[in-house]
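Observations on the model geometry
Here is what each chain is made of, one letter per residue.
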Amino acid sequence: MSYSAFFYGTLLHPAILRRVIGHEGAQLEICPAILLEHTRHKIRNADYPAVIPYTRSSALFQSTGQNDLAAEDRTVRGTFVQGLNDRDISLLDLFEGDEYTRESVSVHPLGPLAPLSTTPSPGSRSAGSPPGAETAADAYVVPPTAPALPPLDTIPPALPAQTYIYAGPLTGLSPELWSYEDFVSENAWKWVGRGDRDGYYAEVDRRREMEGKTLQTAVVSASDSGSGPGSSSGVEGTAVATSVAEVVA
């Protein structure tokens, strides 16, 4: 069976995606894409994001006194990947772990599909290819600065895809939006140079060894939770203390 997926975090970068699925992805195609009516947030004590439907995150914003978001803010930019097989999906499920659930969504492509094989990692330029070719290819799916978002009424029709939605409590998330521009800027170090990627690859491998057990939660009483991290703050009605493993997602 063939699958399509939408990635919005670490797996935005082809090098990390290849590491997770364990092959070069010769059959895969990729393009920039956007998911509507969802928001991206930082997970507390982690450097990777969570995405949840706006129908759920609106409670998070309301708990901090924020008004309804504009339509363009209720969007998540990432990549659309087509051609994943059953084994790829199994490995992705294992990588994401029980901190996320895989769900069906509709995403809008922001450019034409390109073979994943044309997006080599930085420094892996093949013999005969012009200087800068690998940088240009990577920049198509992970641009160093995000291009302006086109008007939402002009984007191409949606395509079906699978994506990983945060399954933990809202108390585990920062209420501020984590924009695509800020995410790419703050995580650029992970995608520059082999030395940096080797350390990150080790985290991918360590997460695989955890067999998907990445989220631990313990319910505590409201009187114990206080008003700091882990407090319910009126969100979802139950105070939950969350301990997230220091791993990559």
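Being a predicted model, the structure only gives us computed values, none of them experimental.

What counts, and at which threshold
Residues numbered from 1 in each chain as written. Predicted model: local features only at pLDDT ≥ 70, side-chain atom pairs only at ≥ 80, totals over all residues. Heavy atoms only, no water. Helix = DSSP H or I, 4+ residues; strand = E, 2+ residues; numbered from the N terminus. Buried < 20%, exposed > 50% of the residue type's maximum accessible area, 1.4 Å probe, protein only. Axes fitted to C-alpha atoms, helices over the stretch in contact; angles between N-to-C directions. Parallel < 35°, antiparallel > 145°, perpendicular 65-115°, else oblique. Contact = heavy atoms within 4.5 Å. Nonpolar A, V, L, I, M, F, W, Y, C, P; charged D, E, K, R; others polar. Salt bridge = Lys/Arg side-chain N within 4 Å of Asp/Glu carboxyl O.

The next subject is unusual backbone geometry. One non-glycine residue, E37, lies in positive phi territory at about 55°. As for its position among the elements, E37 is in the loop between β2 (29-36) and β3 (38-43). On the basis of relative accessibility, which here comes to 38%, the residue E37 falls in the partly exposed class. Residue N45 is not a glycine yet carries a positive backbone phi of 65°. Among the secondary structure elements, N45 is positioned in the loop between β3 and β4 (49-53). By relative accessible area, which is 64% here, N45 ends up exposed.

Another aspect to go through is the packing of helix α1 (residues 14-21) against helix α3 (residues 86-96). Look at α1 against α3: their axes get within 8 Å of each other, and the N-to-C directions meet at 100°. Overall, the two elements α1 and α3 adopt an arrangement that is roughly perpendicular. In this structure, α1 contributes L17, V20 and I21 to the contact, and α3 contributes R87, D88, L91, L92 and F95. Of the residues in the contact of α1 with α3, the class split is six nonpolar, no polar and two charged.

According to the stated counting rule, one finds three salt bridges in the structure shown. Here R18 and E24 are joined by a salt bridge, their closest N and O atoms 3.5 Å apart. Salt-bridge contacts for D93 lead to R102; the nearest nitrogen and oxygen are separated by 2.8 Å.

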